[in-house]
Amino acid sequence: MVTSRARRWLVCSFFFLVVCNHVLAEEPNTSFLQSVSRQEDKKKPQQQQPEPQLQVEQPQQPQQQQDPQQPQQQQQQPQQPQQQEVQQGPILPGKEAEVDRILASPPRFFHSLLSAVPLSIYGKDRNGNYLAFCQSGSIVWDVVEKMTHEELSDFIRYFALFFWKHVDKRASSELTVVIDAGGFPFRKVVNGSVKMVLDSIVEGLESTVPYVGERAGQVFLINVPSFLNPVIVLVTKILRNGVNLTSYGSRSRWEPALKQHVGEHHLPREYGGTNSTKLQDSVVVKYIKQSVEKILRRKARHANNPK
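A quick note: this is a predicted structure, and the numbers were derived from the prediction, not measured.

(A) Expanded view of the pairing of strand β1 (residues 119–124). Pairing analysis gives five bridges linking β1 to strand β2 (residues 130–135), with the strands arranged antiparallel. Pairing of Leu119 across the sheet is with Cys134, part of β2. The hairpin turn running from β1 into β2, its antiparallel successor, is five residues long, and Gly128 in that turn takes a positive phi close to 85°.

Set out below in structure tokens:
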């Protein structure tokens, strides 16, 4: 009995070894358990791949219009302001060519108005700013009244631009103007000639702002007759904030004011100062007059001999 069991055990062991050798021979680098597992996997039915589904485009819902009264959720980033060029000379950046073009063509009536409206750049005041005088008693009304308001303004603009560019040459300088109104005839006030002259001076100076910037200034109206006060009120309304205009009737009022603002040593003697130079001997006006004459002669030669 024992012997038969031993034989059966030997036969089963031998058969088991034969099967193992056969499996290992097919997959030499695989363990027995892995081989058995793979054979079991081969017996499993292959899983079916899911069929691709047809995608159907859904109709788009119409977008709701945003209520303009609702605040925007996304805040826009603030744009960085562009840095403007700093003015270094008397002319604003980018305006040099335009100023040169204006100065290259003086008004045809420049010399006649320069003699009819005598503007005297007398020198500098105590603050280093130029001082200009205009004496109403020296105005040649027969010439002035033939001019239009635009022609008078163009004359003042040309004179001022030439002064800023070629005489003063500073970026932030001011100007002090003294207008002696004692020579304005009453009839010229009544017919509007005086107002036209004053308006032209103000408008001509204002027209230089796009080229030289807003410059501060002080205007003194002295020896003002009482009948001129309504005109002064109208002129004051068109002045910009940077220009200060003050009017005085009697010498006892305007002389101390001029000495305080201009300085006694910078004023001519006829206006309470100690400077012996006459208003008619203005070196600046002579320079401007000679320079404009050269420009006109050069233009005449170019017109006669065009290249």
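(B) Broad picture of the nonpolar core. Counting 58 residues, the largest nonpolar core has Phe184 and Leu228 as its most contacted members. Counting residues per element, this core draws most heavily on helix α6 (residues 149–168), at 11 residues. Residues contacting Phe184, with those up to four places away along its chain left out, are Ser136, Ile139, Trp141, Val189, Val194, Leu198, Phe227 and Leu228. Among the nonpolar cores identified, the runner-up in size contains 14 residues, and Tyr122, Val262, Leu267 and Tyr271 belong to it.

(C) Broad picture of the sheet that holds β1. Reading across from one edge, β1-β2-β3-β4-β5 is the order of the five strands in this open sheet, with mixed pairing throughout. Of all the strands in the sheet, the pair left with one neighbour each is β1 and β5 (243–247). Pairwise comparison of adjacent strand axes, ignoring direction, gives a mean angle of 20° for this sheet. Contacting β1, β2 and β3 (175–180), α6 runs over the sheet at an angle of about 25° to β1.

(D) View of the confidence of the model for the protein chain. Averaged over the protein chain, the pLDDT score is 78; the fraction of residues at 70 or greater is 71%. Residue range residues 17–62 is modelled with pLDDT below 50. Its contacts to residues more than four positions away, or to other chains, number nine contacts.

(E) Inspection of α6 at higher detail. If you check α6, its first and last C-alpha atoms are 27 Å apart, about what 20 residues at 1.5 Å a residue would give, namely 28 Å. Most of α6 sits out of view: 14 of its 20 residues are buried. Following α6 by one or two positions, Lys169 has its phi on the positive side, about 65°.

(F) Seen up close, the pattern of salt bridges. Overall, the coordinates contain nine salt bridges when judged by the stated rule. Between Glu98 and Arg101 there is a salt bridge, with its nearest N and O atoms 4.0 Å apart. Residue Glu98 and its partner Arg101 are located together in helix α3 (residues 96–103), separated by three residues, close to a single helical turn. Between Glu255 and Lys259 there is a salt bridge whose closest N-O contact spans 3.2 Å. Of the two residues, Glu255 and Lys259 are both situated in helix α11 (residues 251–261); the distance of four residues between them amounts to about one turn of the helix. Its relative accessible area of 17% is what places Glu255 among the buried residues. On the basis of relative accessibility, which here comes to 27%, the residue Lys259 falls in the partly exposed class. Because the salt bridges share partners, they merge into one network encompassing Lys95, Glu98 and Arg101.

(G) Inspection of unusual backbone geometry at higher detail. Of note, Lys169 is a non-glycine position whose phi angle comes to about 65°, a positive value. On the secondary structure map, Lys169 appears in the loop between α6 and β3. Even without being a glycine, Asn223 presents a positive backbone phi close to 55°. Positionally, Asn223 belongs in the loop between β4 (217–222) and α10 (229–237). Judged by relative accessible area, which is 24%, Asn223 ranks as partly exposed.

(H) Examining the layout of surface pockets more closely. Taken as a whole, the largest pocket spans an internal volume of roughly 370 Å³. If you trace the largest pocket, you find 16 residues lining it, with Leu114, Pro118, Leu119, Gln280 and Val285 closest to the centre. Mapped onto the lining of the largest pocket, the elements with two or more residues apiece are α4 (110–116), β1, β2 and α12 (283–304). Per-element accounting of the lining of the largest pocket gives the leading share, four residues, to α12. Here the lining of the largest pocket is built from residues that sort into seven nonpolar, seven polar and two charged.

(I) Spotlight on the side chain of Asp125. Structurally, the position occupied by Asp125 is in the loop between β1 and β2. Salt bridges are absent for the buried Asp125, whose nearest opposite-charge side chain, Arg170, sits at 7.1 Å. Of note is the side chain of Asp125, whose polar atom sits 3.0 Å from the backbone nitrogen of Asn127. When neighbours within four sequence positions are excluded, Asp125 is seen to be in contact with Thr176, His261, Val262 and His266.

(J) A look at the side chain of Ser291. The residue Ser291 is located in helix α12 in this model. At a separation of 2.8 Å, a polar atom in the side chain of Ser291 contacts the main-chain carbonyl oxygen of Tyr287.

About the thresholds
Residues numbered from 1 in each chain as written. Predicted model: local features only at pLDDT ≥ 70, side-chain atom pairs only at ≥ 80, totals over all residues. Heavy atoms only, no water. Pairing = 2+ DSSP bridges. Helix = DSSP H or I, 4+ residues; strand = E, 2+ residues; numbered from the N terminus. Core = buried A, V, L, I, M, F, W, Y, C linked by side-chain atoms within 4.5 Å. Buried < 20%, exposed > 50% of the residue type's maximum accessible area, 1.4 Å probe, protein only. Contact = heavy atoms within 4.5 Å. Axes fitted to C-alpha atoms, helices over the stretch in contact; angles between N-to-C directions. pLDDT = per-residue confidence, 0-100. Expected span 1.5 Å × (residues − 1). Salt bridge = Lys/Arg side-chain N within 4 Å of Asp/Glu carboxyl O. 1 Å grid on protein atoms, 1.4 Å probe; cavity = no way out; pocket = protein on both sides within 12 Å on 5 of 7 lines; lining within 4 Å. Points joined across faces, edges and corners; volume = space filled by probe spheres on them. Nonpolar A, V, L, I, M, F, W, Y, C, P; charged D, E, K, R; others polar. Lys, Arg positive; Asp, Glu negative; His and termini not counted. Polar contact = N/O pair within 3.5 Å; in protein donor to acceptor, adjacent residues only side chain to side chain.

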